Amino acid sequence: MAAAAAMSPATSLRLSPASAALRFLSLLTLPPSKPSLSSHPRLSPSILPHRPLLRRLCFSSAALPSSSEAEVGSEEDKRDGGRVKGLRRRLRVRDIKGGEDEGLGRVGESVVVTGWVRTIRDQSSVTFIEVNDGSCLSNMQCVVGTDAEGYDQVESGSISTGASLWLRGTVVKSLGSKQKVELKVDKLIMIGQSDPSFPIQKKRVSTEFLRTKAHLRPRTNTFGAVARVRNTLAYATHKFFQENGFVWISSPIITGSDCEGAGEQFCVTTLIPNAQDATHSSVDSIPKTDNGSIDWSQDFFKKPAFLTVSGQLNAETYATALTDVYTFGPTFRAENSNTSRHLAEFWMIEPELAFADLSDDMACASAYLQYVVRYILENCKEDMEFFDTWIEKGIISRLSDVADKEFVQLTYTDAVNLLLKANKKFEFPVEWGRDLQSEHERFITEQAFAGCPVIIRDYPKACHDIKAFYMRLNDDGKTVAAMDLLVPRVGELMGGSQREERLDFLQKRLDELKLDRDNYWWYLDLRRYGSVPHAGFGLGFERLVQFATGVDNIRDAIPFPRTPGSAEF
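Conventions adopted
- Residues numbered from 1 in each chain as written.
- Predicted model: local features only at pLDDT ≥ 70, side-chain atom pairs only at ≥ 80, totals over all residues.
- Heavy atoms only, no water.
- Helix = DSSP H or I, 4+ residues; strand = E, 2+ residues; numbered from the N terminus.
- Buried < 20%, exposed > 50% of the residue type's maximum accessible area, 1.4 Å probe, protein only.
- Contact = heavy atoms within 4.5 Å.
- Areas by Shrake-Rupley, 256 points an atom, 1.4 Å probe, with all protein chains shown as cover.
- pLDDT = per-residue confidence, 0-100.
- Phe/Tyr/Trp six-rings, centres within 6.5 Å; stacked < 30°, edge-to-face > 60°.
- Patch = residues over 30% accessible without salt bridge, like charges linked within 9 Å, V, L, I, M, F, W, Y side chains within 5 Å.
- Salt bridge = Lys/Arg side-chain N within 4 Å of Asp/Glu carboxyl O.
- Core = buried A, V, L, I, M, F, W, Y, C linked by side-chain atoms within 4.5 Å.
- Pairing = 2+ DSSP bridges.
- Axes fitted to C-alpha atoms, helices over the stretch in contact; angles between N-to-C directions.
- Parallel < 35°, antiparallel > 145°, perpendicular 65-115°, else oblique.
- Left-handed = near helix turned anticlockwise from the far one by under 90°.
- Nonpolar A, V, L, I, M, F, W, Y, C, P; charged D, E, K, R; others polar.

Draft legend 1. Main features of the overall build of the protein chain. Secondary structure summary: the protein chain contains 18 helices and 16 strands in total. Relative to its 569 residues, the protein chain shows a buried fraction of 47%. Contacts spanning at least 24 positions in sequence make up 69% of the contacts within the protein chain whose residues lie at least 6 apart. About 28,700 Å² of surface is accessible on the protein chain, with carbon and sulfur atoms providing 53% of the total.

Draft legend 2. Expanded view of the confidence of the model for the protein chain. On average, the protein chain scores 86 in pLDDT, and the residues at 70 or more come to 82%. Note on residues 1–63: pLDDT is under 50 here. Beyond four places in sequence and across chains, it has 111 contacts.

Draft legend 3. Structural detail: unusual backbone geometry. Positioned with a positive phi, E102 is a non-glycine residue whose angle comes to about 55 degrees. Residue placement: E102 occurs in the loop between α5 (93–97) and β1 (110–123). You will see that F355, though not glycine, has its phi angle at about 55 degrees, which is positive. In this structure F355 comes out as exposed when scored by relative accessible area, which is 54%.

Draft legend 4. Looking closely at the packing of aromatic side chains. Throughout the structure, instances matching the rule amount to 21 aromatic pairs. On the basis of an interplanar angle of 45 degrees and a centroid distance of 6.5 Å, the ring pair of Y368 and F537 is categorised as tilted. With Y368 in helix α11 (residues 358–379) and F537 in strand β16 (residues 534–540), this pair connects stretches of sequence that are 169 residues apart. The exposure classification of Y368 matches that of F537, with both residues buried. On the basis of an interplanar angle of 75 degrees and a centroid distance of 6.0 Å, the ring pair of W522 and Y523 is categorised as edge-to-face. Its relative accessible area of 0% is what places Y523 among the buried residues.

Draft legend 5. Main features of a nonpolar patch on the surface. Residues I253, I254, F300 and F301 make up a contiguous nonpolar surface patch of about 380 Å² in total accessible area. Within the fold, F301 resides in the loop between α9 (275–278) and β9 (305–307). By relative accessible area, which is 36% here, F301 ends up partly exposed.

Draft legend 6. Representation of the nonpolar core within the structure. With 53 residues, the main nonpolar core has L233, F241, Y368, L369, L544 and F547 as its most contacted residues. Of all the elements, α11 adds the most residues to this core, at 13 residues. If we ignore the near neighbours within four places in the chain, the residues touching F241 are F246, Y326, I349, P351, C364, Y368 and F537. If you look at the next biggest cluster of nonpolar residues, it comprises 33 residues, including F469, V480, A482 and L513.

Draft legend 7. Focus on the sheet that holds strand β14 (residues 479–487). Spatially, eight strands are ordered β6-β10-β11-β16-β15-β14-β13-β12 in an open sheet, and the strand pairing comes out mixed. Across the chains shown, the open sheet's two edge strands, defined by having one partner strand only, are β6 (247–248) and β12 (408–411). Looking at chain direction, β14 and strand β15 (residues 491–498) are connected through six bridges and run antiparallel. Bridge pairing in β15 places A482 opposite S497. In the packing of α11 onto the sheet, the strands contacted are β11 (345–354), β12, β13 (454–460), β14, β15 and β16, and the crossing angle to β14 comes to about 15 degrees.

Draft legend 8. Layout of the side chain of E501. In this fold, E501 is placed in the loop between β15 and α16 (503–512). Exposure remark for E501: the relative accessible area of 12% places this residue in the buried category. Residues within four places of E501 in sequence aside, it is in contact with R472, R527, S531, V532, P533 and H534.

Draft legend 9. Region of interest: the pattern of salt bridges. Per the stated rule, a full pass over the model turns up 26 salt bridges. Taking the shortest distance from any N to any O, the salt bridge between D556 and R217 comes out at 3.2 Å. Placement of D556 in the segment after α18 (541–549) and of R217 in the loop between α7 (207–211) and α8 (221–243) is noted, with a sequence separation of 339 residues between them. Using a relative accessible area of 5% as the deciding quantity, one classes D556 as buried. Using a relative accessible area of 2% as the deciding quantity, one classes R217 as buried. Between E512 and K461 there is a salt bridge, and its shortest N-O distance comes to 3.6 Å. Within this pair, whereas E512 is found in helix α16, its partner K461 is found in the loop between β13 and β14, the two being separated by 51 residues in sequence. Here E512 falls in the partly exposed class, since its relative accessible area comes to 37%. Look at the salt bridges and you will find they share partners, linking E392, R398, R489 and D552 into a network.

Draft legend 10. Representation of the pairing of β1. In this sheet, strand β4 (residues 164–173) lies alongside β1 in antiparallel orientation, the contact comprising seven bridges. Opposite S110, over in β4, you have T170 as the bridge partner. With seven bridges connecting them, β1 and strand β2 (residues 126–132) associate as antiparallel partners. From the neighbouring strand, Q123 faces β2, where its bridge partner is V126. What sits between the antiparallel neighbours β1 and β2 is a turn of two residues, in which S124 has the positive phi angle 55 degrees.

Draft legend 11. Structural context of the packing of α11 against helix α13 (residues 395–404). At a minimum axis separation of 8 Å, α11 and α13 run at an interaxial angle of 140 degrees. Judged on the interaxial angle alone, α13 and α11 are oblique. Relative to α13, the crossing made by α11 is left-handed. Contact with α11, carried on its side by L369, Q370, V373, R374, I376 and L377, involves I396, L399, S400, V402, A403 and D404 of α13 and no other residues of that element. A per-class count over the contact of α11 with α13 returns eight nonpolar, two polar and two charged.

Draft legend 12. Structural view of the sheet that holds strand β7 (residues 254–255). Strand order in the open sheet formed by three strands is β7-β9-β8, with antiparallel pairing between adjacent strands. The sheet is open, and its two edges are formed by β7 and β8 (267–268), each paired on a single side. When β8 meets β9, the two strands line up antiparallel, connected through two bridges. In the strand pairing of β9, V268 is matched with A305.

Here's what the structure looks like:
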């Protein structure tokens, strides 16, 4: 019976098992035939298409083709007091080459392509230019003959890797084996020339080198694909929560509270002179009290303030009014850790559910993860195939297992016993009361349960280094109603808990951890005025991106990584 319980999927206590999926199963809502204001696509995220309907048109004014060719505005528009033209969608390489026929359905069409040169090569009387506009992994092969208008720019050698181009031509069947279609160019304009020193050429370069060129690395296959998958994961995140009745909350970046109680926060202050003078400012210029301490009363907020490590506490305030909410924004941690798993600045997804317990929390976490994984597998196929070939072989199969398999749940105590009985020597000791390390978590999900996602619940409350002050104390007095969701290759992907809704228990916990109650007066008020059971979880978005793309270092899962000693760009 115990083994069966340990292997059972997480289910919600809000609903019977037969109907539990109803709360978190996303259903596509079709708009009525005559849309009302509430069903307008701009106002109803549940019916937004994956691709935006409209996109801004912009060119470099220094090298624009004529208005008739670029469709930048009619003479009527110019005569009519310079009115603003309607917003419209631009044709992208993805639109031309996408679909099952890979562009064959557009053969014979005249199109305009803009983008940056990946490669250029001469062959007999034609030149082949590979152009990428960032909309997809594939380049558009553009065939430029000597009769094309603007060929003199090719002939002069002024077009090189990295240059930006405007090309007009006809889509034709390709004679090559790498693509089904190509563009037979009749006009070419170089928008922006690229200096020969452009550091990203056709040869492979290391991710370490590319981190020093973070402003240019999106032009590579790997980082272009990571950016598109990251974008799709963010879209799917909002889509999931909006379809399931959650309200997005903008949590503050500046706070006076330490949500995790670990003290690893960046201080926000105006006591140091402005940015121009800060480098050469003297410590003596910081105001002090009579006993030599910093005089925070002279600071901007009249008290110590910090960059937030989590939006959870703020989300709880709105959950006690709106029931189900989520935050999705930047957070910061001043942890001096130079590892492949840590960032000083990162984004967090943090839902909060009122009138909910830990089982509801696990049900939401499981449904969310499976939803976003399915979404990228269905909508980022080309990028995922690239990752499967070049970054992590088998990643599509691994993600498919997460999307399709039932989640296993077991208690922390059962997990420790499982590890102690395992015929494996771990680097870190296994002992009840210690936090589980990444090697323990990966063993559980990858070997003990053969690739199934695993939720471990009911962790010890013995030390606040393991679990935070706000987690609800279980009836045994030794454990808290907390959970971690483990996945193959990563280990812990997200963590959550049922929050302590009982005022006296929460006050006692703050005192145990020597946290000043006065700093949490508003948080304690939530327990004084209509307190309800509630729960939530937190997910580091970059760790999700890392899990979904297979990149080894979390610094490659965010556009501009902030780490100890590094704040470039």
